[in-house]
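Here are the chains, one letter per residue:
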There are 4 protein chains.
Amino acid sequence: MSIADLPAPPLQLDAETLEGFIRAAFPELDVSVRVTALAPGHLRLRQPIARDHLRPGDTISGPTLMTLADTAMYLLVLAHIGLEPMAVTSHLSMDFLRRASGEVVLADAALLRLGRRTAVGHVLLRVEGDDAPVAAAQVTYALPPRA
Amino acid sequence: MSIADLPAPPLQLDAETLEGFIRAAFPELDVSVRVTALAPGHLRLRQPIARDHLRPGDTISGPTLMTLADTAMYLLVLAHIGLEPMAVTSHLSMDFLRRASGEVVLADAALLRLGRRTAVGHVLLRVEGDDAPVAAAQVTYALPPRA
Amino acid sequence: MSIADLPAPPLQLDAETLEGFIRAAFPELDVSVRVTALAPGHLRLRQPIARDHLRPGDTISGPTLMTLADTAMYLLVLAHIGLEPMAVTSHLSMDFLRRASGEVVLADAALLRLGRRTAVGHVLLRVEGDDAPVAAAQVTYALPPRA
Amino acid sequence: MSIADLPAPPLQLDAETLEGFIRAAFPELDVSVRVTALAPGHLRLRQPIARDHLRPGDTISGPTLMTLADTAMYLLVLAHIGLEPMAVTSHLSMDFLRRASGEVVLADAALLRLGRRTAVGHVLLRVEGDDAPVAAAQVTYALPPRA
């Protein structure tokens, strides 16, 4: 049994709606992220790396990876509960596994639990073209009361 | 891309050797755990639940789940580096997802990174007969110098 | 500003009530823990180490430390909200800092936030007689609806 | 016993050296952070909040807080081991405690362990003028071999 095989609730939103929402609601966010896969319980985010994501030695910075994991989990939650800007991160725990270097980072977010008050997910990050993960996160979102 | 598809190094030990080692080295551990699956990068541990694993209401206790996750990751690491009692947990982060109740808990441990000095893995725990996970952990082991 | 100086809500229970409650509600727990300090936002738990808390080399086991951190945070939460067996751990993240060896472990739990639905705290563990911490944890409890 | 009272090794660097180093080595970082306190085992970082740190509703973003915690711990480690750009974050676990809103965020980093290969610390974040913490993190740095 792995995270890829978990049962998941149905989707409420498609990738286009998610991308449109995040661009409207978070104009300060990097507009270059794209939702490149979406299925019940899973979402993939694709982040082209720009100059200001890098540290000396062309290492992709920790904050870039944490932000991407957080955003991937946020969009995965919204995909299942609908547009709800008031969902907020309550916990993020990230292991940095390898030096990250490359032109694109992919974040695969998987839903571990979608409850009434919280959602918990796992996010695996890697550089496009290399299967070895550069970071892994567990993220909890606190959810507002829903109908 | 999910944890189930990660590249992994070859195994050094089989399940019987792991079980024999842990029973000899940790006699105080619950002797009822069994390694029921083992492949490069993955190990499953099966824990029958006894009276002293339970809290009021027949809920499987948090310490039982944390111990099982830690043991599963320990054996997964040993399976890849050989019998090395000096590997020690340096970090364990667990999300408790649902009330756990049942007769057997399964822990699926997956290797995220096996480095020279540390190993990082993910462990998913569920009650036998129910696919919804009851807990998920990220665990880091500090490894002794190796040849 | 440190954890020791945080503002905290008033206590609802004293140490004797907490100890009596935990012995009645969790008879399977080690009955040897004692609440040796209690103040708004802070609680200290004292755990004498017995044979079954040890690993080879007389190292105090990780599960012993995780259980103690979890119990210290549970009692700290109850001290502020009253006897409420339905508070459950939702997250525990522990860093193991040094090999733990000794006859008594002390756990100092501090409240970071007591909200309506969750409580978050920090727990520092050390061996009696040595100031260097052996482990540190952040613990979140999910709280049942309260009046 | 609290984090504020832990024994700590002596400082190797002062605040001015740390600030000069980070501005030279990480030009893409926000240049507005200041080290406003430094003592053995402790460092405070002060971050004035700008427009691009905010989310809708003038909430200080999670990535801003995670970056600040990571930077505070990095500087605290360097203060004790000397200028060493190759120290890298291996784990960051953050609990978001309250909505953060205000003009300045303060991060108080405390050293839990400075080992040969890793350093572990705790960071408490709050908005200037309010003692209630908005976030708390545990951060581990992997250290390069040292003389």
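Cut-offs used in this document
Residues numbered from 1 in each chain as written. Chains lettered and ligands numbered in written order. Predicted model: local features only at pLDDT ≥ 70, side-chain atom pairs only at ≥ 80, totals over all residues. Heavy atoms only, no water. Helix = DSSP H or I, 4+ residues; strand = E, 2+ residues; numbered from the N terminus. Rg over C-alpha atoms; globule rule 2.2 N^0.38 Å. Buried < 20%, exposed > 50% of the residue type's maximum accessible area, 1.4 Å probe, protein only. Contact = heavy atoms within 4.5 Å. Areas by Shrake-Rupley, 256 points an atom, 1.4 Å probe, with all protein chains shown as cover. Buried area = accessible area lost by both parts, 1.4 Å probe. Salt bridge = Lys/Arg side-chain N within 4 Å of Asp/Glu carboxyl O. Polar contact = N/O pair within 3.5 Å; in protein donor to acceptor, adjacent residues only side chain to side chain. Nonpolar A, V, L, I, M, F, W, Y, C, P; charged D, E, K, R; others polar. Pairing = 2+ DSSP bridges. Axes fitted to C-alpha atoms, helices over the stretch in contact; angles between N-to-C directions. Arc of directions from axis to C-beta. Parallel < 35°, antiparallel > 145°, perpendicular 65-115°, else oblique. Left-handed = near helix turned anticlockwise from the far one by under 90°. pLDDT = per-residue confidence, 0-100. Least-squares fit on C-alpha atoms with pLDDT ≥ 70 in both. Phe/Tyr/Trp six-rings, centres within 6.5 Å; stacked < 30°, edge-to-face > 60°.

**Digging into the overall build of chain A**
Along the backbone of chain A there are two helices and eight strands. Secondary structure elements of chain A, listed N to C terminal, follow the sequence α-β-β-β-β-α-β-β-β-β. Taken against the 2.2 N^0.38 rule, which gives 15 Å for 147 residues, the C-alpha radius of gyration of chain A at 15 Å falls within 12% of a compact globule. Principal-axis analysis of the C-alpha atoms gives chain A an extent of 50 × 40 × 25 Å. Taking all 147 residues of chain A together, 60% fall into the buried category. In chain A, the proportion of contacts linking residues at least 24 apart, taken out of those at least 6 apart, comes to 66%. With an accessible surface of roughly 5600 Å², chain A has 53% of that area assigned to carbon and sulfur atoms.

**Let's talk about the interface of chain C and chain A**
Taken residue by residue, the interface counts four residues in chain C and four residues in chain A. The three residues of chain C that bury the most area against chain A are His91(C), Arg117(C) and Leu143(C), which together make up 83% of that side's buried surface. Between the two partners, chain C and chain A, sit zero salt bridges. Taken together, the links from chain C to chain A amount to three residue pairs in polar contact (both at pLDDT 80 or more). Of the residues in the side of chain C that touches chain A, the class split is two nonpolar, one polar and one charged.

**Side note on the sheet that holds strand β8 (residues 135-142) of chain D**
The 12 strands lie next to each other as β1(A)-β2(A)-β6(A)-β7(A)-β8(A)-β5(A)-β5(D)-β8(D)-β7(D)-β6(D)-β2(D)-β1(D), forming an open sheet whose pairing is antiparallel. Where the open sheet ends on each side, the last strands, each with one partner, are β1 (34-39) of chain A together with β1 (34-39) of chain D. Within the sheet, the average angular offset between the axes of one strand and its neighbour, ignoring direction, is 20 degrees. Pairing analysis gives seven bridges linking strand β2 (residues 42-48) of chain D to strand β6 (residues 104-114) of chain D, with the strands arranged antiparallel. Residue pairing across strands places Arg44(D) opposite Asp108(D), the latter belonging to β6(D). Across the sheet, helix α1 (residues 15-25) of chain A touches β1 and β2 (42-48) of chain A, and the angle it forms with β1(A) is around 140 degrees. The sheet contacts of helix α1 (residues 15-25) of chain D involve β1 and β2 of chain D, and relative to β1(D) the element is tilted by about 140 degrees.

**Regarding the interface of chain B and chain A**
Counting residues at the interface gives 26 residues for chain B, matched by 26 residues for chain A. Between chain B and chain A, a total of about 2200 Å² is buried, with carbon and sulfur atoms accounting for 59% of that surface. At the boundary of chain B and chain A, one finds zero salt bridges. Those elements that provide at least two residues to the side of chain B that touches chain A are β5 (88-96), β6 (104-114), β7 (118-127) and β8 (135-142) of chain B.

**Let's talk about the environment of Thr67(D)**
All names here are of chain D. Tracing the sequence through the fold places Thr-67 in helix α2 (residues 62-81). Residues Thr-67 and Leu-83, spaced 16 residues apart in sequence, show a C-alpha to C-alpha distance of 19 Å. Engagement of the side chain of Thr-67 in a polar contact is seen with the backbone oxygen of Pro-63, the distance being 2.7 Å.

**So, helix α1 (residues 15-25) of chain B**
All names here are of chain B. Of the residues making up α1, those classed as buried are Ala-15, Leu-18, Glu-19, Phe-21, Ile-22 and Ala-25. Along the axis of α1, the buried residues cluster in a sector spanning 165 degrees; they form a single face. Across from the buried face of α1, at angles greater than 90 degrees, the exposed residues are Glu-16 and Ala-24. Of the surrounding elements, those touching the buried residues of α1 are β1 (34-39), β2 (42-48) and α2 (62-81).

**Description of the packing of α1(D) against α2(D)**
All names here are of chain D. Running from N to C, α1 and α2 point in directions that differ by 125 degrees, and their axes come no closer than 10 Å. Regarding the angle of α1 to α2, the classification is oblique. As α1 packs across α2, the resulting crossing turns out to be right-handed. The segment α1 lies against α2, with Leu-18, Phe-21 and Ile-22 engaging Thr-71, Tyr-74, Leu-75, Leu-78 and Ala-79. In the contact of α1 with α2, the residues fall into seven nonpolar, one polar and no charged.

**Here we look at the confidence of the model for chain A**
Residue and element names in this part refer to chain A. Of the residues in chain A, 95% have a pLDDT of 70 or more, and the chain-wide mean is 92. By mean pLDDT, the top-scoring element of chain A is strand β7 (residues 118-127) (98), and the lowest-scoring one is strand β3 (residues 54-55) (84). In the predicted assembly, ipTM is 0.92 and pTM is 0.95.

**Comments concerning the relation of the copies chain B and chain A**
You can overlay chain B on chain A at an RMSD of 0.0 Å; the transform is a turn of 180 degrees with a shift of 0.0 Å along its axis. On this basis, the relationship between the two copies can be described by a two-fold rotation axis. Taken together, the interface assignments show that 100% of the residues at the interface of chain B recur at the interface of chain A, consistent with an identical surface on both copies.

**Here we look at the relation of the copies chain C and chain A**
For the pair of chain copies, the relating transformation is a rotation about an axis with a translation along it. Taken as rigid bodies, chain C and chain A are interconverted by a rotation of 180 degrees and an axial shift of 0.0 Å, the fit giving an RMSD of 0.0 Å. A high fraction, 100%, of the interface residues of chain C reappear at the interface in chain A, so the copies pair face to face through one surface.

**Section: the pattern of salt bridges**
Applying the stated criterion across every chain yields a total of 20 salt bridges over all chains. Across the pair Asp108(C) and Arg44(C) runs a salt bridge whose closest N-O atoms are separated by 2.8 Å. Pair noted here: Asp108(C) is in strand β6 (residues 104-114) and Arg44(C) is in strand β2 (residues 42-48), with a separation of 64 residues, a long-range link. What makes Asp108(C) buried here is its relative accessible area of 10%. Measuring nitrogen to oxygen at the nearest pair gives 3.8 Å for the salt bridge that ties Glu19(D) to Arg23(D). With Glu19(D) and Arg23(D) both in helix α1, this residue pair falls four residues apart, about one helical turn.

**Notes on the packing of α2(B) against helix α2 (residues 62-81) of chain C**
Helices that pack against each other are described as a pair by the angle of their axes relative to one another and the distance between those axes. Relative orientation of the contacting elements α2(B) and α2(C) amounts to 150 degrees, with a least axis distance of 10 Å. For the crossing formed where α2(B) meets α2(C), the hand is right-handed. Taken together, the residues of α2(C) that come into contact with α2(B) (itself represented by Pro63(B), Met66(B), Thr67(B) and Asp70(B)) are Pro63(C), Met66(C), Thr67(C) and Asp70(C). The residue inventory of the contact of α2(B) with α2(C), partitioned by class, reads four nonpolar, two polar and two charged.

**Some remarks on the packing of aromatic side chains**
All names here are of chain B. In this structure the tally under the stated criterion is four aromatic pairs over all chains. Each ring, one from Tyr-74 and one from Tyr-141, has its centre 5.7 Å from the other, and the planes form 25 degrees; the classification is stacked. Separated by 67 residues along the polypeptide, Tyr-74 in helix α2 and Tyr-141 in strand β8 bring together distant segments of the chain. Judged by its relative accessible area of 3%, Tyr-141 is buried.

**Focus: the pairing of strand β5 (residues 88-96) of chain A**
The side chains of a regular strand alternate between both faces of the sheet. Residues and elements named next belong to chain A. For β5, the tally of buried residues reaches seven of nine residues, placing the bulk of the element in the interior. Two strands pair when backbone bridges link them, and β5 and strand β8 (residues 135-142) are joined in this way by eight bridges, in the antiparallel orientation. In the sheet register, Val-88 faces β8, and the bridge partner there is Ala-142.

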